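Tertiary structure, described
Now for the letters of each chain:
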Amino acid sequence: MATEDATRGRGPDDRGVQAEQRPLPSRETYEKVLAKMLLIRRFEERAGEMYAKAKIGGFLHLCIGEEATVVGATQALRDTDFLMSTYREHGQALARGTEAKVVMAELFGKVDGCSGGRGGSMHLFDFERRFLGGYGIVGGNLPLAAGVALASDYTETEDATLCMFGDGATNQGTFGETMNLAALWHLPIVFMVITRNTTRDSLGCRIRLPRPRGRRSVPATTSSADGSNSSGCSGTSTQTSCPVSLST
Ligand SMILES: Cc1ncc(C[n+]2csc(CCOP(=O)(O)OP(=O)(O)O)c2C)c(N)n1
Ligand SMILES: [Mg+2]
């Protein structure tokens, strides 16, 4: 569940210089935030371990290194707000308050999992906490999130939608189309890009740089300063060819 936060209720006029004058969050908030971040890190480490032992089927994308990003953003949500994410969403489910054992059960394909064991790592879902997934299709969650925001607007609720996605989704047609409609219709939605330096870095793949004229192409490995690329838990060959690097 979202905890009390100093950013709650901040209006457009309260940003900028004035925001710096606001009191810092309480010690209790700090501790709750830190506890969530640590829970996510420990959960991901354990999930990675289980995946390496072939206890978890399918794909597994860890968010190690993104804990502060995920918890910091979800902290600003009210309990009634909606959250949608990508396939790298264990942290989002945990930050939203889904029990760790229920998320882990889903990874193991158990009926006790938050998606009844049918979704797995990429399709976590917890409607009670307004976490609407968990999507395997890059960019696929963008128009769906806009639809949720449209429903909130249409039914005249105050609910906002936070839609998270990776930098890879900005290469999809859904990205431009959704941004366009959301702006045109003034939808109550926040789009948040989480960049991990490159696309597909979770797969531990090597980016094949554009070939300079007259020379052979050089495979380049991705790099990271914060360990967010270190998961490498998909089981995919490291020779996967990624045509584009979206470093930002
Ligand atoms: C439409 C679509 N095309 C291709 C893929 C294969 N794919 C899986 S992960 C990935 C990279 C996505 O990168 P990004 O959105 O930046 O997320 P990150 O892994 O960096 O968190 C791709 C292309 C997919 N899942 N969906
Ligand atoms: Mg990325």
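Bear in mind the structure is a predicted one, so any value in this text is a computation, not a measurement.

**Describing the sheet that holds strand 3 (residues 189–194)**
The strand order across the open sheet built from three strands is 1-2-3, with neighbouring strands paired in parallel fashion. The open sheet terminates on both sides in strands that have one partner only, identified here as strand 1 (82–84) and strand 3. Here the strands of the sheet are splayed against their neighbours by 15 degrees on average, with no regard to which way each runs. Note that strand 1 and strand 2 (residues 161–166) share three bridges and pair parallel. Of the residues in strand 2, the one forming a bridge with Phe-82 is Thr-161.

**Description of the environment of Thr-98**
Checked against the element boundaries, Thr-98 lands in the loop between helix 4 (90–96) and helix 5 (100–107). Residues Thr-98 and Asp-126, 28 residues apart in the sequence, show an inter-C-alpha distance of 7.1 Å. Beyond its immediate chain neighbours, meaning those up to four positions away, Thr-98 contacts Ala-93, Val-103, Cys-114, Asp-126, Arg-129 and Phe-131.

**Remarks on unusual backbone geometry**
Gly-134 follows Gly-133 through a cis peptide bond whose omega is 25 degrees. Structurally, Gly-134 can be placed in the loop between helix 5 and helix 6 (141–154). A positive phi angle is found at Glu-156, which is not glycine, with a value near 55 degrees. Mapped onto the elements of the fold, Glu-156 is located in the loop between helix 6 and strand 2. For Glu-156, a count of 6 C-beta atoms within 10 Å translates into the label exposed. With a phi angle near 55 degrees, His-186 is a residue other than glycine that sits in the positive phi range.

Definitions and limits used
Residues numbered from 1 in each chain as written. Chains lettered and ligands numbered in written order. Predicted model: local features only at pLDDT ≥ 70, side-chain atom pairs only at ≥ 80, totals over all residues. Pairing = 2+ DSSP bridges. Helix = DSSP H or I, 4+ residues; strand = E, 2+ residues; numbered from the N terminus. Axes fitted to C-alpha atoms, helices over the stretch in contact; angles between N-to-C directions. Contact = placed C-beta atoms within 7 Å. Buried ≥ 20, exposed ≤ 12 C-beta atoms within 10 Å, placed from the backbone.

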